[in-house]
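Each chain, written out:
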Amino acid sequence: MTPLVSIIMGSTSDMPVLSKAAQLLDDMEVPFEMNALSAHRTPAQVEDFARNAAGRGVKVVIAAAGMAAALPGVIAANSPLPVIGVPIASTLDGIDALLSIVQMPPGIPVATVGINAGYNAALLAVQMLALSDQALAKRFSEFKDSLSGKIVKANEELAGIKYKFKTN
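### Details of the nonpolar core
Next, step 1: Val5, Ile7, Met28, Val30, Ile62, Val86 and Val126 are the most contacted members of the largest nonpolar core, which totals 29 residues.
Next, step 2: The set of elements that each furnish at least two residues to this core consists of strand E1 (5-9), helix H1 (15-27), strand E3 (60-66), strand E4 (83-88), helix H5 (118-130) and helix H6 (134-159).
Next, step 3: Ranked by residue count, the leading element in this core is H5, at 7 residues.
Next, step 4: Setting aside anything within four residues of it in sequence, one finds valine 30 in contact with Leu4, Val5, Leu25, Val126, Leu129 and Leu136.
Next, step 5: Ranked by size, the runner-up nonpolar core spans 20 residues in total, among them Val46, Ala53, Val83 and Ile101.

Written out as structure tokens, the structure is:
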């Protein structure tokens, strides 16, 4: 099975955030791979990965990093693939990583999700892949439809909660 999405983390300490992305991809039946690579500690391996991922069949890269958060940008600079950056809250509540990822120079775009938002990164990857995969598009559409059901159920439960001055 060829991975369509590559999840790259700067350190395995990012796994709690990226496990949500992995689970969503698994649920959506999207083949993926996971690796730890560091833009600062393994720069040659990051460049090699970025230059060769498309040739291996990867279509989208999810790259997570904290602090200086260079990993998504380095991958984007060396690959034609879309890169989704996930800032990790490790210092400064993740604001440093967010700014590092979102402030890319012209010509090196990195789609960036919220701090610790691995789940949303996987959803964005699924949306990208669904543009050319009707079966995946159907699964994604069903997922989106299920979101409204959760809110309807929540409102039903809220209606059962009673307070003296609550009007609904």
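### Things to note about the pattern of salt bridges
Next, step 1: A complete count under the given rule lists 5 salt bridges for this structure.
Next, step 2: Measuring nitrogen to oxygen at the nearest pair gives 2.7 Å for the salt bridge that ties arginine 56 to glutamate 33. Remark: glutamate 33 occurs in strand E2 (residues 32-36) and arginine 56 occurs in the loop between helix H2 (43-52) and E3; sequence separation between them is 23 residues.
Next, step 3: Taking the shortest distance from any N to any O, the salt bridge between glutamate 157 and lysine 153 comes out at 3.4 Å. Within this pair, glutamate 157 and its partner lysine 153 are both found in helix H6, separated by 4 residues, close to a single helical turn.

### Section: the sheet that holds E4
Next, step 1: Read from one edge to the other, the open sheet built from 5 strands follows the order E2-E1-E3-E4-E5, with strand pairing classed as parallel. For this open sheet the edge positions go to E2 and strand E5 (111-112), each flanked by a neighbour on one side alone.
Next, step 2: The pairing of E1 with E3 spans 5 bridges and is parallel. What sits directly across from isoleucine 8, in E3, is alanine 63.
Next, step 3: On top of the sheet, H1 reaches E1, E2, E3 and E4; it is set at about 170° to E1, its chief contact.

### Section: the side chain of aspartate 14
Next, step 1: Looking at the secondary structure, you find aspartate 14 in the loop between E1 and H1.
Next, step 2: This buried residue, aspartate 14, is left without a salt bridge; arginine 41 holds the nearest opposite charge, at 7.4 Å.
Next, step 3: If we skip the residues at most four places from it in the chain, aspartate 14 touches Met9, Ala64, Ala65 and Ile88.

Quick notes on the rules
Residues numbered from 1 in each chain as written. Predicted model: local features only at pLDDT ≥ 70, side-chain atom pairs only at ≥ 80, totals over all residues. Heavy atoms only, no water. Core = buried A, V, L, I, M, F, W, Y, C linked by side-chain atoms within 4.5 Å. Buried < 20%, exposed > 50% of the residue type's maximum accessible area, 1.4 Å probe, protein only. Helix = DSSP H or I, 4+ residues; strand = E, 2+ residues; numbered from the N terminus. Contact = heavy atoms within 4.5 Å. Salt bridge = Lys/Arg side-chain N within 4 Å of Asp/Glu carboxyl O. Pairing = 2+ DSSP bridges. Axes fitted to C-alpha atoms, helices over the stretch in contact; angles between N-to-C directions. Lys, Arg positive; Asp, Glu negative; His and termini not counted.

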